Amino acid sequence: MSRRAGPPDLEAADWLLAGAMSDRTERRRLVELMRVLTTRPEPPPDAESLFPRWTELSAGVAEACRGDDPEALEEAFLELYAHLHMHEAPYTADERRRVDASGGYWAHAGGLSPILRSGRFLHPASRSVDLGAGNGLQGLLLQRLSPHARCCQIEISSRMVEIGRALQRWLAIPDDRVEWRTEDVLTTALGGWDFVYLYRPVRPEGIGRRFYERLSEALAAEPGAVVVFSIADCLEEFLPPVFERLSSDGHLTCYRKAPRPG
Ligand SMILES: C[S@@+](CC[C@H](N)C(=O)[O-])C[C@H]1O[C@@H](n2cnc3c(N)ncnc32)[C@H](O)[C@@H]1O
């Protein structure tokens, strides 16, 4: 495939995707995500060693915008997103020992659907969290698409948090909009959020069970409304009946708790 330089034609992308995506809000958010990730004035931080395919994959998105295949455009953009997300978290020996002990999941990407579908649940006062955030790309993109009070990023890999801070600067997200915590979800303080995102940071077995129990107790105790977006969900058996399941497509499961009366 030949690679022509230049930013993607996002009007063409919107038009192309209109035939494939019936939900207009999600389509708009996808095009906005494309704009956010493909029109930065600089390449991502430390691109040569961390994101060596950045230029090639960005050009692939621009080229797909000139084509006539919406699936090819979605694929090209997914590749770019996955490259930025990274799929391997570097751990220190101690971090790796703790991840192994709790059967922690590596840095697989939660995908675009949580970002595209979260728009109606995030508002300017929202406090969101990603539990097991990797380099924090999901939370950073939530902040870019739905600016809100604070996004908390909890991740055991100190190197991933360092990369995430650099990505935050690259995406021009103000410092006070993101709280980074290099912590273990098994022991970190839980609560104070109204939008919770997680992709199974630990297995719901052995010592990992306590994390899901503590999280469910903390969220049930929140006085306000809480929405949970859970990838590869294992929370259902832990959540008390105050939570209703809003939807599940086998990848993303969404729950909501109404505010407590009074
Ligand atoms: C499946 S990835 C999800 C990444 C990102 N949240 C997403 O959805 O795209 C799980 C992440 O949890 C982190 N993790 C694993 N065990 C953890 C623990 N005990 N405490 C905090 N983070 C952990 C991993 O390093 C990895 O980055």
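The structure under discussion appears in the preceding block.
Just so it is clear, the model here is predicted, and its values are computed rather than measured.

**Focus: the pairing of strand β4 (residues 195–199)**
(1) Moving on: With five of its five residues buried, β4 lies for the most part within the structure.
(2) Moving on: By the alternation rule, side chains of β4 split into F195, Y197 and Y199 and V196 and L198, which are all buried.
(3) Moving on: Pairing analysis gives five bridges linking β4 to strand β5 (residues 226–231), with the strands arranged parallel. In the sheet register, Y199 faces β5, and the bridge partner there is I231.

**Quick look at the sheet that holds strand β3 (residues 178–182)**
Strand pairing in a sheet relies on backbone hydrogen bonds. The paired strands run either parallel or antiparallel.
(1) Moving on: With mixed pairing, the seven strands of this open sheet are ordered in space as β3-β2-β1-β4-β5-β7-β6. Looking at which strands have only one partner, the edges of the open sheet turn out to be β3 and β6 (243–248). Sheet twist, expressed as the mean angle between neighbouring strand axes with direction ignored, is 15°.
(2) Moving on: Here β5 runs beside strand β7 (residues 252–257); their pairing, made up of six bridges, is antiparallel. Bridge pairing links V227 to R256 in β7.

**With respect to the environment of A220**
(1) Moving on: Mapping A220 onto the fold places it in helix α10 (residues 208–220).
(2) Moving on: For A220, a count of 16 C-beta atoms within 10 Å translates into the label partly exposed.
(3) Moving on: Measuring from C-alpha to C-alpha, the distance between A220 and E74 comes to 37 Å, with 146 residues separating the pair along the chain.
(4) Moving on: In this structure A220 touches P240, V242 and K257, once residues within four positions along its chain are discounted.

**Focus: α10**
(1) Moving on: With 13 residues, α10 extends 19 Å between its outermost C-alpha atoms, agreeing within 8% with the 18 Å of an ideal straight helix rising 1.5 Å per residue.
(2) Moving on: Among all positions in α10, only G208, F211, Y212, L215, S216 and L219 are buried. Projected down its long axis, α10 shows its buried positions confined to an angular sector of 125°, all on one face.
(3) Moving on: Taken together, the buried residues of α10 touch β4, β5 and β7.

Conventions used here
Residues numbered from 1 in each chain as written. Predicted model: local features only at pLDDT ≥ 70, side-chain atom pairs only at ≥ 80, totals over all residues. Buried ≥ 20, exposed ≤ 12 C-beta atoms within 10 Å, placed from the backbone. Helix = DSSP H or I, 4+ residues; strand = E, 2+ residues; numbered from the N terminus. Pairing = 2+ DSSP bridges. Axes fitted to C-alpha atoms, helices over the stretch in contact; angles between N-to-C directions. Contact = placed C-beta atoms within 7 Å. Expected span 1.5 Å × (residues − 1). Arc of directions from axis to C-beta.

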